[in-house]
Amino acid sequence: MTKGHRMSEAEKQIMDIIWASDRPVTTAEILTKLPEHKAWKQNTVITFLARLMEKGIVSATRIGKAHHYKPCVTEREYLQLETKQFIQDVHRGSVPGLISALYDGGQLTKEDIESLKKLLEE
């Protein structure tokens, strides 16, 4: 995924709803599942969905008068791509650089370190 394919925070909120569904969802369903503090109008959600389609993150099928949106990328796949891009952008592609920054910043607990050791041993 290139930087141009990364999601905005608003697009991610919509994708969280789509990923949480076990079937394709309509714009109306997305609107009902948005947090109460989000007062987006239908056209706003449609604009975000159009952007997600352009990025290849969702696809739509028209059934009757409504479009039904489904993910083209799983949440796990997207998180892996975002993490890879973050490591590339911030740590020049260095995973040890990322871990060192977390350690030096005091953000790794002893439990985290033990979990990392176990992962590396597998």
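Reading the values: the criteria
Residues numbered from 1 in each chain as written. Predicted model: local features only at pLDDT ≥ 70, side-chain atom pairs only at ≥ 80, totals over all residues. Heavy atoms only, no water. Salt bridge = Lys/Arg side-chain N within 4 Å of Asp/Glu carboxyl O. Helix = DSSP H or I, 4+ residues; strand = E, 2+ residues; numbered from the N terminus. Buried < 20%, exposed > 50% of the residue type's maximum accessible area, 1.4 Å probe, protein only. Axes fitted to C-alpha atoms, helices over the stretch in contact; angles between N-to-C directions. Parallel < 35°, antiparallel > 145°, perpendicular 65-115°, else oblique. Contact = heavy atoms within 4.5 Å. Nonpolar A, V, L, I, M, F, W, Y, C, P; charged D, E, K, R; others polar.

Notes on the pattern of salt bridges
Any two side chains of opposite charge can pair, given that their charged atoms come close.
Item 1. Under the defined criterion, the tally for this structure stands at six salt bridges.
Item 2. Close ionic contact of glutamate 11 with lysine 55 constitutes a salt bridge, the shortest N to O distance being 2.7 Å. On the criterion of sequence distance, the pair formed by glutamate 11 in helix 1 (residues 9-20) and lysine 55 in the loop between helix 3 (42-54) and strand 1 (58-63) is long-range, its members being 44 residues apart.
Item 3. Here lysine 12 makes a salt bridge to aspartate 16, at a shortest N to O gap of 2.8 Å. With a gap of four residues between them, lysine 12 and aspartate 16 both fall in helix 1, about one helical turn apart.
Item 4. By relative accessible area, lysine 12 is classed as partly exposed at 22%.
Item 5. The exposure class of aspartate 16 is partly exposed, given its relative accessible area of 32%.
Item 6. Through salt bridges with shared partners, a single network forms among Arg6, Glu82 and Asp89.

Let's talk about unusual backbone geometry
Item 1. Phi is positive for arginine 92, close to 55°, though the residue is something other than glycine.
Item 2. Turning to its location among the elements, arginine 92 is positioned in the loop between helix 4 (75-91) and helix 5 (95-104).
Item 3. Owing to a relative accessible area of 78%, arginine 92 belongs among the exposed residues under this scheme.

A word on the packing of helix 1 against helix 3
Item 1. Running from N to C, helix 1 and helix 3 point in directions that differ by 85°, and their axes come no closer than 10 Å. Taken together, the axis directions place helix 1 and helix 3 in an arrangement best described as roughly perpendicular. In this structure, helix 1 contributes Ala10, Glu11, Ile14, Met15 and Ile18 to the contact, and helix 3 contributes Val45, Phe48, Leu49, Arg51 and Leu52.
Item 2. In terms of residue class, the contact of helix 1 with helix 3 is made up of eight nonpolar, no polar and two charged.

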